[in-house]
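# Close look at the chain arrangement
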Amino acid sequence: MTAATPVPAPASVLGLAPVLPVAVLSDASDAVPLARALVAGGLPAIEVTLRTEAALDAIRAVAAEVPEAVVGAGTVLSPAGAEAAVRAGARFLVSPGWTDPLLEALRGTGLPFLPGVSTVSEVMALLERGVSDMKFFPAQAAGGTPYLRSLASPLPGARFCPTGGIGPGTAPSYLALPNVPCVGGSWMLPPATLARHDWPRITQLATRAARLGPGATAPA
């Protein structure tokens, strides 16, 4: 059996695939088969949120055993959280918001990162600090596609990964925007499917998600 080829370190999280799967894992043993299922479906990146005690072990396992995946840490809330994620093998970092100390820590890791924003002032402040790739959160509650569309002209330097309340029916409208290279979501990871360890089903859902993008239409 030929060993998998490691994916090169990304310069940006936003160019890996049209959809960034967001996983909340309570059992680290699920991480490797889940990552393999997502990669098989065309989604090489996986954001493992630091919301559970199993998260760091899950990141560590994927980093060690699934070289063709690009595993990252989400819900990074502090410099200590960023450092722990890096030690576990995370290759990108995502936060729902940002402060100057957190931003400094994210930048200091040398990894790609997505600090979260939901207002024009937050976007402008990040652009002033040399950050152009951002997470827009919570996307649907914060204004959705109309809001992001309105930012494209006055703030053309900002690029977003909207996350929060997005599903297969709304993802295409986000991905049609000029400032949205990818969206984040967990609809391809239904809790019941994860609980059954139905990895072929997750690969099927990931394949559908990987086909989304400009020109795609919402499922009937």
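Everything quoted here is computed from the prediction, not taken from an experiment.

Turning next to the nonpolar core. Formed by 64 residues in total, the largest nonpolar core has its most connected members in Leu 34, Leu 38, Leu 93, Phe 160, Val 183, Trp 187 and Met 188. The greatest single-element share of this core, amounting to six residues, is contributed by helix α1 (residues 31-40). Ignoring any residue separated from it by four or fewer positions in sequence, one finds Phe 160 in contact with Leu 14, Val 117, Val 123, Met 134, Phe 136, Leu 148, Leu 151, Asn 179, Val 180, Pro 181 and Cys 182. Leu 14, Leu 20, Phe 92 and Leu 114 belong to the second-largest nonpolar core, a separate cluster that totals 10 residues.

Time to look at the pattern of salt bridges. If the charged atoms of two oppositely charged side chains come close together, the side chains can form a pair. Tallied over the full model, the rule gives four salt bridges. Put simply, Asp 57 and Arg 60 hold a salt bridge, and the shortest N to O gap is 2.6 Å. One end of the pair, Asp 57, and the other, Arg 60, are both in helix α2 (residues 55-65), three residues apart, so they sit about a helical turn from each other.

Once that is clear, we can look at unusual backbone geometry. For the bond running from Phe 137 to Pro 138, omega is -10°, close enough to zero to count as cis. Looking at the element boundaries, Pro 138 is found in the loop between β7 (133-136) and α6 (144-152). For His 197, which is not glycine, the phi torsion reads 60° and is therefore positive. In this fold, His 197 is placed in the loop between α8 (191-195) and α9 (199-210). The partly exposed category is assigned to His 197, whose relative accessible area is 42%.

What follows deals with the pairing of strand β3 (residues 70-74). In terms of burial, β3 is largely enclosed, as five of its five residues are buried. Pairing analysis gives five bridges linking strand β2 (residues 45-49) to β3, with the strands arranged parallel. Note on β3: the bridge partner recorded for Val 48 is Ala 73. A crossover links β2 with its parallel partner β3, the connecting element being α2, and its sense is right-handed.

Moving on, we come to the packing of aromatic side chains. This structure, assessed with the given rule, holds two aromatic pairs. Note on Phe 136 and Tyr 147: the rings are 5.5 Å apart at their centroids and 15° apart in plane angle, and the pair reads as stacked. Highlighted residues: Phe 136 in strand β7 and Tyr 147 in helix α6, separated in sequence by 11 residues. Of the residues examined, Tyr 147 reaches a relative accessible area of 22% and is grouped as partly exposed. Centroid distance Phe 136 to Phe 160: 6.3 Å. Interplanar angle 70°. Geometry classified as edge-to-face. Of this pair, Phe 136 sits in strand β7 while Phe 160 sits in strand β8 (residues 159-162), and the two are 24 residues apart along the sequence. On the accessibility criterion, Phe 136 (1% relative accessible area) is buried.

What follows covers the packing of α1 against α9. Pairs of packed helices are described in terms of their axes, by the angle between the two and the distance that separates them. Interhelical geometry of α1 versus α9 gives an angle of 40° and a closest axis separation of 7 Å. Every pair of crossing elements has a handedness; the one defined by α1 and α9 is right-handed. The segment α1 lies against α9, with Pro 33, Leu 34, Ala 37, Leu 38 and Ala 40 engaging Trp 199, Ile 202, Thr 203 and Ala 206. Residues belonging to the contact of α1 with α9 are distributed by class as follows: eight nonpolar, one polar and no charged.

A few words on α6. Each α-helix winds once per 3.6 residues, and so residues spaced three or four apart point in a common direction. Listing the buried residues of α6 in full gives Gly 144, Thr 145, Leu 148, Leu 151 and Ala 152. With its buried residues spanning 125° around the axis, α6 presents them on a single face. Residues of α6 that are buried sit in contact with α5 (120-128), β7, β8 and α7 (171-175).

Looking now at the sheet that holds β7. Spatially, β6-β7-β8 is the arrangement adopted by the three strands of the open sheet, whose pairing is parallel. Edge positions in the sheet fall to β6 (116-117) and β8, since each has one partner strand and no second.

Turning our eyes to something else, we now look at the side chain of Thr 75. Tracing the sequence through the fold places Thr 75 in the loop between β3 and α3 (79-88). A distance of 3.4 Å separates polar atoms of two side chains, one belonging to Thr 75 and the other to Arg 51. Filtering out sequence-adjacent residues up to four positions away, Thr 75 remains in contact with Glu 47, Thr 49, Leu 50, Arg 51, Val 94 and Pro 96.

Quick notes on the rules
- Residues numbered from 1 in each chain as written.
- Predicted model: local features only at pLDDT ≥ 70, side-chain atom pairs only at ≥ 80, totals over all residues.
- Heavy atoms only, no water.
- Core = buried A, V, L, I, M, F, W, Y, C linked by side-chain atoms within 4.5 Å.
- Buried < 20%, exposed > 50% of the residue type's maximum accessible area, 1.4 Å probe, protein only.
- Helix = DSSP H or I, 4+ residues; strand = E, 2+ residues; numbered from the N terminus.
- Contact = heavy atoms within 4.5 Å.
- Salt bridge = Lys/Arg side-chain N within 4 Å of Asp/Glu carboxyl O.
- Pairing = 2+ DSSP bridges.
- Right-handed = clockwise from strand over helix to strand, strands pointing away.
- Phe/Tyr/Trp six-rings, centres within 6.5 Å; stacked < 30°, edge-to-face > 60°.
- Axes fitted to C-alpha atoms, helices over the stretch in contact; angles between N-to-C directions.
- Left-handed = near helix turned anticlockwise from the far one by under 90°.
- Nonpolar A, V, L, I, M, F, W, Y, C, P; charged D, E, K, R; others polar.
- Arc of directions from axis to C-beta.
- Polar contact = N/O pair within 3.5 Å; in protein donor to acceptor, adjacent residues only side chain to side chain.

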